[in-house]
Amino acid sequence: ADRRAIVERLALVGLVAALIAVVALTLQPLGGGFDAPRSSSFNPLGPIRRKDALDNLLLFLPVGFFAALRWRSKARPVVWATGLAFSFSFVIEMAQWVLPINRAASIHDIMFNTLGGFAGALAAVFVVNLVERSGRSVDGLGRELQTETF
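Residues numbered from 1 in each chain as written. Predicted model: local features only at pLDDT ≥ 70, side-chain atom pairs only at ≥ 80, totals over all residues. Heavy atoms only, no water.

Draft legend 1. How the structure looks around the environment of Arg49. Note that Arg49 resides in the loop between β1 (40-41) and α2 (50-70). By relative accessible area, which is 59% here, Arg49 ends up exposed. Between the C-alpha atom of Arg49 and that of His108, which follows or precedes it by 59 residues, the distance is 9.0 Å. (Helix = DSSP H or I, 4+ residues; strand = E, 2+ residues; numbered from the N terminus. Buried < 20%, exposed > 50% of the residue type's maximum accessible area, 1.4 Å probe, protein only.)

Draft legend 2. Looking closely at helix α4 (residues 107-133). Helix length check: α4 (27 residues) gives 39 Å between terminal C-alpha atoms against 39 Å at 1.5 Å per residue, within 8%. For α4, the side-chain oxygen to backbone nitrogen distance between the N-cap and His108 is 3.0 Å, and the N-cap itself is Ser106. Of the residues flanking the end of α4, it is Gly135, one or two places downstream, whose phi is positive at about 95°. (Expected span 1.5 Å × (residues − 1). Polar contact = N/O pair within 3.5 Å; in protein donor to acceptor, adjacent residues only side chain to side chain.)

Draft legend 3. The packing of aromatic side chains, seen in detail. Counting across every chain of the model gives three aromatic pairs. Taken together, a centroid distance of 6.1 Å and an interplanar angle of 50° make the contact between Trp71 and Trp80 tilted. A residue is classified by how much of its surface remains accessible, and Trp80, at 43% relative accessible area, is partly exposed. (Phe/Tyr/Trp six-rings, centres within 6.5 Å; stacked < 30°, edge-to-face > 60°.)

Draft legend 4. Representation of the packing of helix α1 (residues 3-26) against helix α3 (residues 77-98) within the structure. Following both chains from N to C, one finds α1 and α3 inclined at 25°, their axes separated by 11 Å at the closest point. The angle between α1 and α3 falls in the class roughly parallel. When you trace α1 past α3, the crossing you get is right-handed. Each of Leu15, Leu19, Val22, Val23 and Thr26 in α1 lies in contact with α3, whose residues at this interface are Leu84, Phe88, Ile92 and Gln96. The residue makeup of the contact of α1 with α3, split by class, is seven nonpolar, two polar and no charged. (Axes fitted to C-alpha atoms, helices over the stretch in contact; angles between N-to-C directions. Parallel < 35°, antiparallel > 145°, perpendicular 65-115°, else oblique. Left-handed = near helix turned anticlockwise from the far one by under 90°. Contact = heavy atoms within 4.5 Å. Nonpolar A, V, L, I, M, F, W, Y, C, P; charged D, E, K, R; others polar.)

Below you can see the structure in the form of structure tokens.
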């Protein structure tokens, strides 16, 4: 297999691992069961808790990073990765809202998860450009570019 395919497979493994971690961390019941009061916040102008915002942003950084690497060959991998982060975050928040797991659904979670995915995708593009500028090809993240010497 060529190196680009290997990088894309490894990125897919990283993406799946990141998504599993997100599910494990966000859909784990917090106790209270069916009788627990549900809370939700769908007001984008409501108060933002900084720790929650930072946690959500950091949680989705790997999702955006690995998605952008996985879909690097597509046009606009940052857009694809950010779309995945938004979509997955939306599904997670709706599950938290509907399921009796005593979790709070929040529009701010969706916003900061999406921002984290976007930042991770930008980081992937930065790393790819950095590697390419160092004289290496990201087709294999390390294979030397073929250059002719005169």
